[in-house]
Amino acid sequence: MFKNLSYKTQRKVIILAFSLIPVVLLFTFAYLPVFNMFKYSFTDWNGYSKHYNFVGLENYKTIFTDSKYFSVFKVSLYYFGATFVQMALALYFATILSFKVRLKNFFKGVLFFPYLLNGVAIGFIFLFFFRPDGTLDTLMQSVGLGAYTQGWLKNPSIINISLAGASLWRYMGFNFIIFLGAISSIGSDIYEAAEIDGANRWHQFRHIILPSIMKILQLNLILAISGAISAFDIPYIMTGGSNGSNTFVIQTVTTAFKYNKLGLASAMAVVLLFIVILVTLLQRLLIKEEK
């Protein structure tokens, strides 16, 4: 088959053949679903019927005018706030453990271990942790703070703080290990030169570590904010979206599979996609890459 072809032509054919399957898979399982999501967002499709009607921008109008859908955006603010706490803690521990510390490897494992756990397992762990007379209440009573115990998952005013705290505990290890890897790539001779010049740990962090990992910090910030907007597994497992803990993704899933409003759910997914893109663009504009 290839005998009459030149080596250059054979090389192009082989490259094309090996590239064709990944491209077809990418189009089938990535681009085509996104295209269909945009298409269905302008319809009233129920998910199983062969027929549906185009409704224009009616689904998008419902999202931004109906309080049942629009109010869930404010729940993301709790996870958004927890994102910055998570990033600060991860950067702090990564900086501390990048220097010589006793039991350094042990503490690295302790911090990264929660990220290895399954989301369902973490949900059940924190159900026991937050339940009345559970682990948290018992700990507070043992230190004389029993008067401040309350229904952590029953009080609408604090339920989202509790859930955001659980998400913070789970995902901090990922940011920690990324920061630690970036900090570890800084040459030791730079620290030695800084110490000779009289720089303490704070000066080393401010003038050496922080500028060196700025790109990693920006990347983690995008991932963390995107994750905060699309929070799903922890609140869904622990509360199912009850008591005011309904996130935008939970509302989307409920709309699609409980109420069979796939058209409206597709519009919600499109809105979420544009929010993530907007966050990324704003980050690129506010934190300009150094030339």
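Quick caveat, the model's predicted, so the values are computed rather than measured.

Here is what the cut-offs are and how they apply
Residues numbered from 1 in each chain as written. Predicted model: local features only at pLDDT ≥ 70, side-chain atom pairs only at ≥ 80, totals over all residues. Heavy atoms only, no water. Helix = DSSP H or I, 4+ residues; strand = E, 2+ residues; numbered from the N terminus. Expected span 1.5 Å × (residues − 1). Bend = angle between axes of the 7 residues up to and from the residue. Axes fitted to C-alpha atoms, helices over the stretch in contact; angles between N-to-C directions. Left-handed = near helix turned anticlockwise from the far one by under 90°. Nonpolar A, V, L, I, M, F, W, Y, C, P; charged D, E, K, R; others polar. Patch = residues over 30% accessible without salt bridge, like charges linked within 9 Å, V, L, I, M, F, W, Y side chains within 5 Å. Areas by Shrake-Rupley, 256 points an atom, 1.4 Å probe, with all protein chains shown as cover. Salt bridge = Lys/Arg side-chain N within 4 Å of Asp/Glu carboxyl O. Buried < 20%, exposed > 50% of the residue type's maximum accessible area, 1.4 Å probe, protein only. Phe/Tyr/Trp six-rings, centres within 6.5 Å; stacked < 30°, edge-to-face > 60°. Lys NZ or Arg CZ within 6 Å of the ring centre and 35° of its normal. Polar contact = N/O pair within 3.5 Å; in protein donor to acceptor, adjacent residues only side chain to side chain. Contact = heavy atoms within 4.5 Å.

Q: What am I meant to see in helix α1 (residues 7-40) here?
A: Structurally, the α-helix is built with 3.6 residues per turn, so residues lying three or four positions apart point the same way. Between its first and last C-alpha, α1 extends 47 Å over 34 residues, near the 50 Å set by a 1.5 Å rise per residue. The largest bend in α1 is about 40°, located at phenylalanine 27.

Q: Is there a simple way to think about the packing of helix α4 (residues 75-97) against helix α8 (residues 159-184) in this case?
A: When two helices pack together, you describe them by how their axes are tilted relative to each other and by the distance separating the axes. It is at 7 Å that the axes of α4 and α8 come closest, and there the two elements cross at 35°. In the packing of α4 onto α8, the handedness of the crossing is right-handed. Across the contact of α4 with α8, the residue classes break down as 22 nonpolar, five polar and no charged.

Q: Would you take a moment to explain a nonpolar patch on the surface for this structure?
A: A surface patch of nonpolar side chains, about 530 Å² in accessible area, is lined by Leu26, Phe27, Tyr31, Leu32 and Phe35. Within the secondary structure layout, leucine 32 lies in helix α1. You can call leucine 32 partly exposed: its relative accessible area is 32%.

Q: Just to check I follow, could you spell out the packing of aromatic side chains for this structure?
A: Here a ring pair, both rings aromatic, is described through the centre-centre distance and the interplanar angle of the planes. The full count for this structure, using the stated rule, is 20 aromatic pairs. Note on phenylalanine 42 and tyrosine 60: the rings are 5.6 Å apart at their centroids and 50° apart in plane angle, and the pair reads as tilted. Taken together, the residues span a long stretch of sequence, with phenylalanine 42 in the loop between α1 and α2 (58-65) and tyrosine 60 in helix α2 at a distance of 18 residues. The class for phenylalanine 42 is partly exposed, based on a relative accessible area of 30%. Looking at tyrosine 60, the relative accessible area reads 15%, which means it is buried. Note on phenylalanine 99 and tyrosine 191: the rings are 5.8 Å apart at their centroids and 75° apart in plane angle, and the pair reads as edge-to-face. Here tyrosine 191 lies in helix α9 (residues 188-196) and phenylalanine 99 lies in the loop between α4 and α5 (104-116), a separation of 92 residues in the sequence. The two residues phenylalanine 99 and tyrosine 191 agree in class, both being buried. Members of the aromatic cluster, each reached through a chain of ring pairs, are Tyr40, Trp45, Tyr52 and Phe54. A cation over an aromatic ring shows up here: lysine 68 above the ring of tyrosine 259, its NZ or CZ 5.9 Å from the ring centre. The lysine or arginine in question, arginine 201, covers the ring of phenylalanine 99, its NZ or CZ lying 4.0 Å from the ring centre.

Q: Is there a simple way to explain the side chain of arginine 170 in this structure?
A: Take arginine 170: it is sitting in helix α8. With relative accessibility at 11%, the residue arginine 170 sits in the buried group. Polar side-chain contacts of arginine 170 include one of 2.9 Å to the side chain of tyrosine 171. Discounting chain neighbours no more than four positions away, the residues touching arginine 170 are Pro114, Tyr115, Leu117, Asn118, Gly119, Ile122, Asp233 and Ile234.

Any functional reading would require information that these geometric values do not contain.
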